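# Commentary on secondary and tertiary structure
What follows is the residue order along each chain.
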Amino acid sequence: MAIKTLSAKAAAALDKELMSTGAFSIDQLMELAGLSVSQVVYRVHPRNKGNRVLVACGPGNNGGDGLVAARHLRHYGYQPTIYYPKRSKSDLYQRLAKQLEDLDVPFVEDFPSALKSTDHIVDAIFGFSFSGEVREPFPGVIRALEETKLPVTSVDAPSSWNIEEGPPKSGVGSSFHPEFLISLTAPKPLVKHFQGRHFVGGRFVSPAIAKKYDFEVPEYQGLDQFVETSPTGQKL
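- The name an unreviewed UniProt entry gives the protein chain is NAD(P)H-hydrate epimerase, with Apiospora saccharicola as the organism.
- One UniProt comment on the protein chain, placed under Function (unreviewed entry), says "Catalyzes the epimerization of the S- and R-forms of NAD(P)HX, a damaged form of NAD(P)H that is a result of enzymatic or heat-dependent hydration. This is a prerequisite for the S-specific NAD(P)H-hydrate dehydratase to allow the repair of both epimers of NAD(P)HX."

## Section: the overall build of the protein chain
- Looking only at helices and strands, one finds seven helices and eight strands in the protein chain.
- Here the C-alpha radius of gyration of the protein chain, 16 Å, is about what a compact globule of 236 residues would show, namely 18 Å.
- A separation of at least 24 residues holds for 74% of the contacts in the protein chain among residues at least 6 apart in sequence.
- For the protein chain, the exposed area adds up to about 11100 Å²; of that, 51% sits on carbon and sulfur atoms.

## Quick look at the layout of surface pockets
- Considering only enclosed or pocket space, the largest pocket measures out at about 530 Å³ in volume.
- Taken together, 28 residues line the largest pocket, and the ones lying closest to its centre are D15, N61, N62, D65 and F128.
- Every element with two or more residues in the lining of the largest pocket is listed here: α1 (8-18), α2 (26-44) and α3 (61-76).

## A look at the sheet that holds strand β8 (residues 226-229)
- An order of β3-β2-β1-β4-β5-β6-β7-β8 is seen for the eight strands of this open sheet, with the pairing classed as mixed. Of all the strands in the sheet, just β3 (107-108) and β8 have a single pairing partner and so form its edges.
- Strand direction decides the pairing type here: strand β5 (residues 152-155) and strand β6 (residues 180-184), joined by three bridges, are parallel. The partner of S154 across the bridge, within β6, is L181.
- Strand contacts of α2: β4 (120-124), β5, β6, β7 (197-201) and β8, with the helix running at about 155 degrees to β6, the strand carrying the most contacts.

## Some words on the UniProt feature "domain: YjeF N-terminal" (unreviewed entry) in the protein chain
- The sites that carry the UniProt feature "domain: YjeF N-terminal" (unreviewed entry) are, in the present numbering, residues 11-217.
- As a span, residues 11-217 carries 37% helix and 15% strand, and end to end its C-alpha atoms are 14 Å apart.

## Looking at the nonpolar core
- With 40 residues, the main nonpolar core has L6, F111 and F215 as its most contacted residues.
- Among the elements that line this core, the one with the most residues is helix α6 (residues 138-147), at five residues.
- In this structure, F111 is in contact with L54, A56, Y83, V141, A144 and L145, ignoring residues within four places of it in sequence.
- In this structure, L67, A69, Y84 and L96 belong to the second largest nonpolar core, which totals 30 residues.

## Examining the side chain of Q39
- Mapped onto the secondary structure, Q39 falls in helix α2.
- There is a polar contact of 2.7 Å between the side chain of Q39 and the backbone nitrogen of Q225.
- In contact with Q39, not counting residues within four places along its chain, are Y76, L223, D224, Q225 and F226.

## Comments concerning the pairing of strand β1 (residues 52-57)
- Summarising burial for β1: five of the six residues are buried, a large majority.
- After leaving β1, the chain enters α3 and then returns to the sheet as strand β2 (residues 79-83), a path that is right-handed.

## Here we look at the pairing of β8
- In β8, alternate side chains face the same way, and those of F226 and E228 on one face and V227 and T229 on the other are all buried.
- Bridge analysis of β7 against β8 gives four bridges, and the strand direction is antiparallel. Within the sheet, the bridge partner assigned to G201 lies in β8 and is F226.

Cut-offs and rules
- Residues numbered from 1 in each chain as written.
- Predicted model: local features only at pLDDT ≥ 70, side-chain atom pairs only at ≥ 80, totals over all residues.
- Heavy atoms only, no water.
- UniProt positions renumbered as here; feature names shortened; annotations may be inferred.
- Helix = DSSP H or I, 4+ residues; strand = E, 2+ residues; numbered from the N terminus.
- Rg over C-alpha atoms; globule rule 2.2 N^0.38 Å.
- Contact = heavy atoms within 4.5 Å.
- Areas by Shrake-Rupley, 256 points an atom, 1.4 Å probe, with all protein chains shown as cover.
- 1 Å grid on protein atoms, 1.4 Å probe; cavity = no way out; pocket = protein on both sides within 12 Å on 5 of 7 lines; lining within 4 Å.
- Points joined across faces, edges and corners; volume = space filled by probe spheres on them.
- Pairing = 2+ DSSP bridges.
- Axes fitted to C-alpha atoms, helices over the stretch in contact; angles between N-to-C directions.
- Core = buried A, V, L, I, M, F, W, Y, C linked by side-chain atoms within 4.5 Å.
- Buried < 20%, exposed > 50% of the residue type's maximum accessible area, 1.4 Å probe, protein only.
- Polar contact = N/O pair within 3.5 Å; in protein donor to acceptor, adjacent residues only side chain to side chain.
- Right-handed = clockwise from strand over helix to strand, strands pointing away.

Encoded structure:
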């Protein structure tokens, strides 16, 4: 059985529907998405493996999910560090950054140096809306992610990958294969090219919306905000 996926266009339409007929605010969706990311990190990289987590955030919603995840990780007892070179000027993102600053979470400007003093990386640079070229300062960051031996958890998409077609054939990101991927709401078509451990997160979709967009809401267990799935989409 092939896993059911959402195209970038469908994912954008679904987000809009969640914030209109679904009555969610973007703050709520980002909070729930970031919470699910933090829980996946807690599962795949417990603190006894090293509690330093470097969170690389892009300028859009994917980066916002990373900021939320970092806050939760700090409350779990991890020591997150944030790389956020292109800060959004919107009120929402400024508040997310302020919440981290109030928890004494450091923001760094030198990604390669930060890599030398971390145990796990969260890739929250580009999500399902990414297309085209990787622009500065992110080419160097993604090259560093390609070369590192540290475990990487990517949020919704390995950054630089084409949402429909997977990793680029050549150039930046062509050899970027993170160990872990958490698809938010539903997997995107690129998941068929992903070889690591795959999770689905975002426990907020109603059965009616899932039916409209023709995907299946996974069977979340207990308090979990994520489900691990096989390449065919079956729960593990």
